[in-house]
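Structural overview
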Amino acid sequence: MITLMTKESDILKIVKEDILRCLGEEKTGISLESIRAEINVSNIFISKAVEELEKGSLIKLCNNFISLTKKGKKNAKDIVKKHLVIENYFKETKNEIGAHKAAHILEHYVSKEVIENIKKLSTFKHKSIPLTEFEIDKEGMITDIIFSDYGVFERIVSMGIFPGEKIKITNSISNNIIINVDNKKIVMSKDMARGIKVYGEN
């Protein structure tokens, strides 16, 4: 099993991106109360995120009503676009709610390069196999993560394991495998690895 300890700075980054996405999706300003209802974190993080976004000239706050600045609109547009690419990809294997949840988690972790890979993955997604069936030392591309528990899904994603990212099994020991993702070695149980789908050229 993978354990996760999220730094406060990471949580704050996620909250700021969530605020920008909410504003970008609405196209208009929204109340601070609506933001608090939408984003499930403590008010301390919401207040800190709003403060930093305002200092960065990304939002304007007036009478508890938040709106995007010109600079903020550009950032929000990029976040929303990333979210939609991921959500549309997951709609092939998940229902609409599941795809939205997966995109909501993944959008905070993936790079532009990975987003480009995700756009191409649909063409061979049906050829992917569980990670446990993949050859040792062969590099593949992650195509899907199949877990109904989104807490587990987020722990896996936070380690850099997500669709569009390259992965390699370097060793297999008893009920665990050792994988290499983004130059990081991770020990993972085979039970968990079965929920990760991978594609590799023959």
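Residues numbered from 1 in each chain as written. Predicted model: local features only at pLDDT ≥ 70, side-chain atom pairs only at ≥ 80, totals over all residues. Heavy atoms only, no water.

1. Considering the sheet that holds strand β6 (residues 166-173)
Across the sheet, 6 strands lie side by side as β4-β9-β5-β6-β7-β8; this open sheet has antiparallel pairing. Each having just a single partner strand, β4 (129-130) and β8 (184-189) make up the two edges of the open sheet. Inspection of the sheet shows strand β5 (residues 139-145) paired to strand β9 (residues 196-199) by 4 bridges, in the antiparallel sense. Bridge pairing in β9 places Ile 142 opposite Val 198. (Pairing = 2+ DSSP bridges. Helix = DSSP H or I, 4+ residues; strand = E, 2+ residues; numbered from the N terminus.)

2. So, the packing of aromatic side chains
Given two aromatic rings, their pairing is described by the distance between the two centres and the angle made by the two planes. Tallied over the entire structure, the rule returns 3 aromatic pairs. On the basis of an interplanar angle of 80° and a centroid distance of 5.8 Å, the ring pair of Tyr 89 and Phe 90 is categorised as edge-to-face. Take Tyr 89 and Phe 90: they sit in the same class, and that class is buried. With centroids separated by 6.1 Å and ring planes inclined at 70°, the aromatic side chains of Phe 90 and Phe 153 adopt a geometry described as edge-to-face. Taken together, the residues Phe 90 in helix α4 (residues 70-90) and Phe 153 in helix α7 (residues 150-158) connect sequence positions 63 residues apart. In this structure an aromatic cluster arises from ring pairing among Tyr 89, Phe 90, Tyr 150 and Phe 153. (Phe/Tyr/Trp six-rings, centres within 6.5 Å; stacked < 30°, edge-to-face > 60°. Buried < 20%, exposed > 50% of the residue type's maximum accessible area, 1.4 Å probe, protein only.)

3. Focus: the packing of helix α1 (residues 8-26) against helix α3 (residues 43-55)
For the pair α1 and α3, the least separation of the axes is 9 Å and the interaxial angle reads 70°. The orientation of α1 relative to α3 falls into the category roughly perpendicular. Pair α1 / α3 crosses with right-handed handedness. On the side of α1, the interface is formed by Glu 8, Ile 11, Leu 12, Val 15, Lys 16, Ile 19 and Leu 20, while α3 contributes Phe 45, Ile 46, Lys 48, Ala 49, Val 50, Glu 52 and Leu 53. (Axes fitted to C-alpha atoms, helices over the stretch in contact; angles between N-to-C directions. Parallel < 35°, antiparallel > 145°, perpendicular 65-115°, else oblique. Left-handed = near helix turned anticlockwise from the far one by under 90°. Contact = heavy atoms within 4.5 Å.)

4. Some points on the confidence of the model for the protein
Taken as a whole, the protein shows an average pLDDT of 87; of its residues, 96% reach a score of 70 or greater. Mean pLDDT across the secondary structure elements of the protein bottoms out at helix α6 (residues 112-121), with 83, and peaks at strand β7 (residues 176-181), with 94. In the predicted structure, residues 1-6 sits below a pLDDT of 50 and forms 12 contacts with residues beyond four places in sequence or in another chain. (pLDDT = per-residue confidence, 0-100.)

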